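Examining the three-dimensional arrangement
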Amino acid sequence: MATYRGRFAPSPTGPLHAGSLVAALASWLDARAHGGIWLVRMEDVDTPRCVPGMGAHILWQLAACGLVSDEPVVQQSSRGALYQASLDQLIAQGNAYPCGCSRRDIEAALQAAGVTRERHHAAVYPGTCRPERGGLQGKPPRAWRFAIEPHRALVHWSDTRLGPQTQNVATEVGDFILRRADGLWAYQLAVVVDDADQGITHIVRGEDLADNTPRQLLLQRALGQPEPYYRHTPLVLGDNGEKLSKQNGAQPFDADHPLAALQQAAQALGLPPAPGSGVSEALRHWVSAWSA
Ligand code: GLU
């Protein structure tokens, strides 16, 4: 049996809020309850959105809560060569192709095909630059996309909290981006390459990321990587009923009062309140509750 290796993978675009602490705590507890290794990985591939010094601030917030990576923290920004090697493999296998479409081209193609979409719902790429449709046809290449094979598009997976899940990646997402037009690596590719490179066996993260899982499974299958277990944890809603997120201005959790912040996170995970007044004691209590 593979040794348990889990991770928490924040993007240093803002401080951790009460919702991110739930995911951090759940991934740590699950690792400890399995006698496993827990890693922190800084997902700073989207460099324009990253805030200088935020990685260190996040590690400080976590350490205040007794959550410290068992191995040196890996930074995605220094791992471009690994992502390139995997993209090269996908290209060589025919699983990736260059795309010359701008956002406006995609909108125009969807409109011409009579596709209407709900507001705020990302466009499903219509496949304009797929090799069998003539490829770039003289357009300069902009991004690299994953070529979804129709017979693999329907993905079934089982989440250890949410149960059986299904997504048709071709019709619900389309050929997704691996490397962006601005040269930045896409989250989907970076996360899959890093999880495999770091030998991650169990992924515990917020439920807002659940619908990324089928894309990541398709990439793992194309790259010949083992599939980790997935568990998506409950989201924390703000007073307005919306999920807490950096985008809607969620406040950082109060790392000067870590026990109170942890109690709240534990409650969101359905764990009993911890007795005592110490962080380590509380964490020990929840590890046994998590294993029970
Ligand atoms: N970096 C991602 C985020 O902060 C999480 C990635 C993951 O856990 O798969 O939303």
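**Quick word on the packing of aromatic side chains**
Summed over the entire model, instances satisfying the criterion amount to 3 aromatic pairs. Ring centres 5.9 Å apart and planes at 65° place the aromatic pair Y83 and W185 in the edge-to-face group. One end of the pair, Y83, is in helix α3 (residues 80-92); the other, W185, is in the loop between β8 (177-179) and α6 (187-197), and 102 residues separate them in sequence. Looking at W185, the relative accessible area reads 10%, which means it is buried. Here W157 and Y230 contribute two aromatic rings whose centre-to-centre distance is 6.2 Å and whose plane-to-plane angle is 70°, an arrangement assigned as edge-to-face. Within this pair, whereas W157 is found in strand β6 (residues 154-159), its partner Y230 is found in strand β10 (residues 229-233), the two being separated by 73 residues in sequence. Per residue, the accessibility class of W157 equals that of Y230, and both read buried. It is R145 that lies over the ring of Y125; its NZ or CZ is 3.7 Å from the centre. Of note, R179 hangs over the ring of W185, and the distance from its end group to the ring centre comes to 4.0 Å.

**Regarding the environment of L178**
Structurally, L178 can be placed in strand β8. Sequence separation of L178 and A96 is 82 residues, and the distance between their C-alpha atoms is 8.2 Å. Residues within four places of L178 in sequence aside, it is in contact with L87, L90, A96, W144, R145, F146, W185, A186, L189 and L219.

**Quick look at the layout of surface pockets**
Computed from the structure, the second largest pocket encloses a volume of approximately 180 Å³. Residue lining of the second largest pocket: V124, Y125, P126, G127, R130, R133, I148, P150, A170, T171, G174 and D175, and that is the complete set. Here the residues of the lining of the second largest pocket sort into 6 nonpolar, 3 polar and 3 charged.

**A closer look at the pattern of salt bridges**
Tallied over the full model, the rule gives 16 salt bridges. In this structure, the salt-bridge partner of R5 is E71, at a minimum N-O distance of 2.9 Å. Here E71 lies in the loop between α2 (54-64) and β3 (74-75) and R5 lies in strand β1 (residues 5-8), a separation of 66 residues in the sequence. Here E71 falls in the partly exposed class, since its relative accessible area comes to 30%.

**Observations regarding the side chain of R79**
Mapped onto the fold, R79 is located in the loop between β3 and α3. Note on R79: relative accessible area 12%, which makes it buried.

**Quick word on the environment of S158**
By secondary structure assignment, the location of S158 is in strand β6. With relative accessibility at 54%, the residue S158 sits in the exposed group. A sequence separation of 71 residues divides S158 from Y229, and the C-alpha atoms of the two residues are 8.3 Å apart.

**A look at the packing of α3 against α6**
Following both chains from N to C, one finds α3 and α6 inclined at 105°, their axes separated by 10 Å at the closest point. By the angle between their axes, α3 is roughly perpendicular relative to α6. Between α3 and α6, the residues in contact are L82, Y83, S86, L87 and L90 and L189, A190, V193, D194 and D197, respectively. Split into classes, the residues belonging to the contact of α3 with α6 amount to 7 nonpolar, 1 polar and 2 charged.

**Description of the side chain of D195**
Tracing the backbone through its elements, the reader meets D195 in helix α6. Leave out the neighbours within four places in its chain, and D195 touches R7, R41, I200 and I203.

**So, the pairing of β6**
On β6, burial follows the alternation: V155, W157 and D159 on one face are buried, whereas L154, H156 and S158 on the facing-out side are not. Sheet topology note: the β6/strand β7 (residues 163-168) ladder contains 6 bridges and is antiparallel. The residue bridging H156 from the neighbouring strand is T166, located in β7. Between β6 and β7, which pair antiparallel in sequence order, lie 3 residues.

Conventions we followed
Counting restarts for each chain, with residues numbered from 1 along the sequence as it is written. This being a predicted model, a pLDDT of at least 70 is required before a residue's local features are given, and a value of 80 or more before pairs of side-chain atoms are given or counted; all residues contribute to the totals for chains, interfaces and linings. For side-chain calculations, the full set of non-hydrogen atoms in the structure is used, while hydrogens and water are omitted. Pairing of aromatic side chains here covers Phe, Tyr and the six-membered ring of Trp, requires ring centres within 6.5 Å, and sorts the geometry by plane angle: under 30 degrees stacked, over 60 edge-to-face, intermediate tilted. A run of DSSP states H or I qualifies as a helix once it reaches four residues; a run of E qualifies as a strand once it reaches two. Both are numbered from the N-terminal end. We call a residue buried when its accessible area falls under 20% of the maximum for its residue type, exposed when it is over 50%, and partly exposed in between, using a 1.4 Å probe and counting protein chains only. Only lysine NZ and arginine CZ atoms are considered, and such an atom sits over a ring when it is within 6 Å of the ring centre and within 35 degrees of the ring normal. In what follows, residue pairs with any heavy atoms lying within 4.5 Å of each other are defined as contacts. In the cavity and pocket records, a cavity denotes points on a 1 Å grid over the protein atoms alone where a 1.4 Å probe fits but cannot get out, a pocket denotes an open set with protein on both sides within 12 Å along at least 5 of 7 lines, and lining residues are residues with an atom within 4 Å of a point. Grid points are joined across faces, edges and corners, and a volume is the space filled by probe spheres set on the points. Each residue gets one of three labels, nonpolar for Ala, Val, Leu, Ile, Met, Phe, Trp, Tyr, Cys and Pro, charged for Asp, Glu, Lys and Arg, and polar for the others, Gly among them. Each salt bridge in this description consists of a side-chain nitrogen of Lys or Arg and a carboxyl oxygen of Asp or Glu lying within 4 Å of one another. A fitted line through C-alpha atoms represents every axis, and for helices the fit uses only the stretch in contact; the resulting angles, taken between N-to-C directions, go from 0 to 180 degrees. Each angle is binned into one of four classes, with values under 35 degrees roughly parallel, values over 145 roughly antiparallel, values of 65 to 115 roughly perpendicular, and all other values oblique. Two strands pair under a simple rule: DSSP has to find at least two bridges between them.

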